[in-house]
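Below are the chains, spelled out letter by letter.
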Amino acid sequence: MKIHRLVGAAALALSLAACGTSQPATETKSAESADTVLKVGVSPVPHAEILNYVKDNLAPAAGLKLEVVEFTDYVQPNVQLEEGQLTANYFQHKPYLDDFNSTKGTKLSFVTPVHLEPLGLYSKKITGVTALASGATVAVPNDATNLGRSLKLLADNGVITLKEGAGTAATERDVTGNPKNLQFKPLEAAQLPRSLEDVDAAVINGNYAIEAGLKPASQALVLEKTEANPYVNGLVVPAGHEKDANIVTLGKLLRDQKVKDFIKQKYAGSVIAAE
């Protein structure tokens, strides 16, 4: 039976070709494109909220179908993207991606910046950074790029000093001045908001701060500056797929003025759209 079906199909194709009515390849491609669903891995806040805004308000008119897949950590969205379980992800900044590629051997590419979540220092025990007591415990992110970022935040605000040139790769070994003898407690970024019950202060990534009900623009003891900030979150895809038509379209939608207005209205300075 299988042989007969193949022959019948071949005969039909020849007949159509002879009549000049064979199906154009572009029509098949168009149909496939229409059925394509982009699975995008995101952190719940603000990434999922921003992407769902795009999904509901902009994607249909652009011919995109989006599936928003939420993750509560910074590892699995990259692992699953590398393994082909996702089309793209949107949760990280380029310094984190570069470090992940280097240490994990992945080949993922940053496509376009979307927004910045300023890193902040928070506390439930003090109301000002100068009130940090001698020997106070400060929780910080334990991944390499955000650890360096958090130490730089403290250094920029006169809490500690860092070795010259340490930059975003700074670790505790690069702390050259610690007049209050602060004790640093590295934790997974997602755990930092919960640590506020147990530590004197914590440097928390913007997305986890917002998700925990904190308001970076008004509640952070000190907040990261936005000027020339390299930690802008953006769209990431497997290397080689940066110019795929659907990815280019999604990148443009994420930077649309309507999305910028949504970010400004919803987050009131706690999340800032990329220029």
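Residues numbered from 1 in each chain as written. Predicted model: local features only at pLDDT ≥ 70, side-chain atom pairs only at ≥ 80, totals over all residues. Heavy atoms only, no water.

Chemist: How should I be thinking about the overall build of the chain in this particular structure?
Modeler: Helices and strands together make up the secondary structure of the chain, namely 12 helices and 13 strands. Put simply, the chain has 275 residues, and 45% of those count as buried. In the chain, of all internal contacts separated by at least 6 residues, the share reaching a separation of at least 24 is 73%. Roughly 14,100 Å² of accessible area belongs to the chain as shown, and the carbon and sulfur atoms make up 52% of that amount. (Helix = DSSP H or I, 4+ residues; strand = E, 2+ residues; numbered from the N terminus. Buried < 20%, exposed > 50% of the residue type's maximum accessible area, 1.4 Å probe, protein only. Contact = heavy atoms within 4.5 Å. Areas by Shrake-Rupley, 256 points an atom, 1.4 Å probe, with all protein chains shown as cover.)

Chemist: What is the right way to read the packing of aromatic side chains from this model?
Modeler: In this description, an aromatic ring pair is defined by two values, namely the gap between the centres and the angle between the planes. Considering all chains together, one arrives at 7 aromatic pairs under this definition. Seen from their ring centres, tyrosine 74 and tyrosine 96 are 5.8 Å apart, and the 65 degrees between their planes marks the pair as edge-to-face. Of this pair, tyrosine 74 sits in the loop between β2 (65-70) and α5 (76-82) while tyrosine 96 sits in helix α6 (residues 94-104), and the two are 22 residues apart along the sequence. Each member of the pair, tyrosine 74 together with tyrosine 96, is buried. What links up through ring pairs into an aromatic cluster is the set Tyr74, Phe91, Tyr96, Phe100 and Tyr208. (Phe/Tyr/Trp six-rings, centres within 6.5 Å; stacked < 30°, edge-to-face > 60°.)

Chemist: Sorry, what's going on with the sheet that holds strand β9 (residues 183-187) here?
Modeler: The strands making up a sheet are joined through hydrogen bonds of the backbone, oriented either antiparallel or parallel. Here we have 5 strands laid out as an open sheet, ordered β9-β6-β10-β5-β11, and mixed in their pairing. Only two strands of the sheet have a single partner each, and these edge strands are β9 and β11 (222-223). (Pairing = 2+ DSSP bridges.)

Chemist: Any chance you could explain the packing of helix α3 (residues 44-57) against helix α12 (residues 257-267) here in plain terms?
Modeler: Pairs of packed helices are described in terms of their axes, by the angle between the two and the distance that separates them. One can describe the packing of α3 onto α12 by two numbers: an axis separation of 11 Å at closest approach and a directional angle of 135 degrees. Regarding the angle of α3 to α12, the classification is oblique. Note on packing geometry: the crossing formed by α3 with α12 is right-handed. Contacts from Pro46, Glu49, Ile50, Tyr53 and Val54 of α3 reach α12 at Lys258, Val259, Phe262, Ile263, Lys266 and Tyr267. Residue composition of the contact of α3 with α12, grouped by class: 8 nonpolar, no polar and 3 charged. (Axes fitted to C-alpha atoms, helices over the stretch in contact; angles between N-to-C directions. Parallel < 35°, antiparallel > 145°, perpendicular 65-115°, else oblique. Left-handed = near helix turned anticlockwise from the far one by under 90°. Nonpolar A, V, L, I, M, F, W, Y, C, P; charged D, E, K, R; others polar.)

Chemist: Please explain the sheet that holds strand β3 (residues 88-93) as it appears in this structure.
Modeler: Read from one edge of the open sheet, 6 strands run β2-β1-β3-β12-β4-β13, paired in mixed fashion. Strand pairing shows two members of the sheet lacking a second neighbour, β2 and β13 (272-273), which therefore form its edges. Where strand β1 (residues 37-42) and β2 come together, 6 bridges link them in parallel fashion. Counted as the bridge partner of glycine 41 is valine 69 from β2. Against the sheet, helix α11 (residues 245-254) makes contact with β1, β2, β3, β4 (108-116) and β12 (232-238), and its axis sits at roughly 170 degrees relative to β12, the strand it touches most.

Chemist: Mind showing me how you'd approach the pattern of salt bridges here?
Modeler: Two side chains of opposite charge can pair, provided their charged atoms sit close to one another. Enumeration according to the criterion identifies 5 salt bridges in this entry. Its salt-bridge partner being glutamate 224, residue arginine 149 comes within 2.7 Å of it at the nearest N-O pair. Taken together, the positions of arginine 149 in helix α7 (residues 144-156) and glutamate 224 in the loop between β11 and β12 put the pair 75 residues apart, joining distant regions of the chain. (Salt bridge = Lys/Arg side-chain N within 4 Å of Asp/Glu carboxyl O.)

Chemist: Please clarify how unusual backbone geometry should be interpreted in this entry.
Modeler: Peptide bonds are mostly trans, and most non-glycine residues show a negative phi. Here valine 45 and proline 46 are connected by a cis peptide whose omega angle stands at 0 degrees. Relative to the helices and strands, proline 46 resides in helix α3. For alanine 268, which is not glycine, the phi dihedral falls at a positive 45 degrees. The residue alanine 268 is located in the loop between α12 and β13 in this model.

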